[in-house]
Amino acid sequence: GPWGVSIHATWMATAAFAVLGVLVEGPTAVLRLDTDEYLAISYLAVAVTAIAFVCWYSCVRHLGAGRAGLLIGVVPLTAAAVGCWLGGQAPSLFVWVGTIVVGAGLVLGLAHGRTGQSRHPEGP
């Protein structure tokens, strides 16, 4: 289930990055990290990896793969919003146009799934 996939993906990524870190940066590199870097690592491990996997696989289970796949389209919008919130540059006009196109695709895709006109009905 979602929790098992999340746990295994997280520990495997941790092991792979630990080995890669030792090979590339050396075994003492971990001693050079400061508090901000440890906070960033914790955020990436917990929020971006574990919680994201649980949310994604729970969504796939409840909505079905087709409709859940459409929700990936919210990533550009949330990335732009979070980037601005964290003090980054405002996205360019082309980013906003792309976001609108993706949003329109989401609306059309999700509306299409609701009407029951899908050519590939979902299984039990």
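So, how was this worked out
Residues numbered from 1 in each chain as written. Predicted model: local features only at pLDDT ≥ 70, side-chain atom pairs only at ≥ 80, totals over all residues. Heavy atoms only, no water. Helix = DSSP H or I, 4+ residues; strand = E, 2+ residues; numbered from the N terminus. Expected span 1.5 Å × (residues − 1). Bend = angle between axes of the 7 residues up to and from the residue. Polar contact = N/O pair within 3.5 Å; in protein donor to acceptor, adjacent residues only side chain to side chain. Phe/Tyr/Trp six-rings, centres within 6.5 Å; stacked < 30°, edge-to-face > 60°. Buried < 20%, exposed > 50% of the residue type's maximum accessible area, 1.4 Å probe, protein only. Disulfide = S-S within 2.5 Å. Patch = residues over 30% accessible without salt bridge, like charges linked within 9 Å, V, L, I, M, F, W, Y side chains within 5 Å. Areas by Shrake-Rupley, 256 points an atom, 1.4 Å probe, with all protein chains shown as cover. Salt bridge = Lys/Arg side-chain N within 4 Å of Asp/Glu carboxyl O. Axes fitted to C-alpha atoms, helices over the stretch in contact; angles between N-to-C directions. Parallel < 35°, antiparallel > 145°, perpendicular 65-115°, else oblique. Left-handed = near helix turned anticlockwise from the far one by under 90°. Contact = heavy atoms within 4.5 Å. Nonpolar A, V, L, I, M, F, W, Y, C, P; charged D, E, K, R; others polar.

*Asks:* I keep staring at helix H2 (residues 35–63) and nothing clicks. Help me out?
*Replies:* Side chains of residues three or four places apart in an α-helix project in the same direction, reflecting 3.6 residues per turn. Between its first and last C-alpha, H2 extends 39 Å over 29 residues, near the 42 Å set by a 1.5 Å rise per residue. The largest bend in H2 amounts to roughly 30 degrees and is located at alanine 52. Put simply, aspartate 34 is the residue that caps the front of H2, since its side-chain oxygen is 3.3 Å from the backbone nitrogen of aspartate 36. Backbone geometry just downstream of H2 places glycine 64 in the positive-phi region, at approximately 95 degrees.

*Asks:* How do you make sense of the packing of aromatic side chains when you look at a structure like this?
*Replies:* The geometry of two aromatic rings is summed up by the distance between their centres and the angle between their planes. The tally for this structure, following the rule as stated, stands at one aromatic pair. Arranged with centres 6.0 Å apart and planes meeting at 15 degrees, the rings of phenylalanine 53 and tyrosine 57 form a pair that is stacked. One end of the pair, phenylalanine 53, and the other, tyrosine 57, are both in helix H2, four residues apart, so they sit about a helical turn from each other. Tyrosine 57 gets classed as partly exposed once you look at its relative accessible area, which sits at 31%.

*Asks:* Looking at this model, I keep getting lost on the state of the cysteines. Mind explaining?
*Replies:* Think of a disulfide as a covalent bridge from one cysteine sulfur atom to another cysteine sulfur atom. Summed over all chains, the structure comprises zero disulfides. Cysteine 55 supplies the cysteine sulfur nearest to cysteine 59, a cysteine that is in no disulfide, at a spacing of 8.6 Å.

*Asks:* Please explain a nonpolar patch on the surface as it appears in this structure.
*Replies:* A cluster of nonpolar residues, Val5, Trp56, Tyr57, Ile72, Val74 and Val75, forms a patch on the protein surface that exposes about 470 Å² of accessible area. Tracing the sequence through the fold places tryptophan 56 in helix H2. The partly exposed category is assigned to tryptophan 56, whose relative accessible area is 30%.

*Asks:* Looking at this model, I keep getting lost on the packing of helix H1 (residues 2–25) against H2. Mind explaining?
*Replies:* Helix packing geometry: the angle between the two helix axes and the distance between the axes. Contact geometry for H1 and H2: axes closest at 8 Å, N-to-C directions at 150 degrees. What the angle tells us is that H1 and H2 run roughly antiparallel. In terms of crossing hand, the pair formed by H1 and H2 is right-handed. Note on element contacts: H2 touches H1 through Ala45, Thr49, Ala50, Phe53, Val54, Tyr57, Ser58 and Arg61, opposite Pro2, Trp3, Val5, Ser6, Ala9 and Thr10. Of the residues contributing to the contact of H1 with H2, the split by class is nine nonpolar, four polar and one charged.

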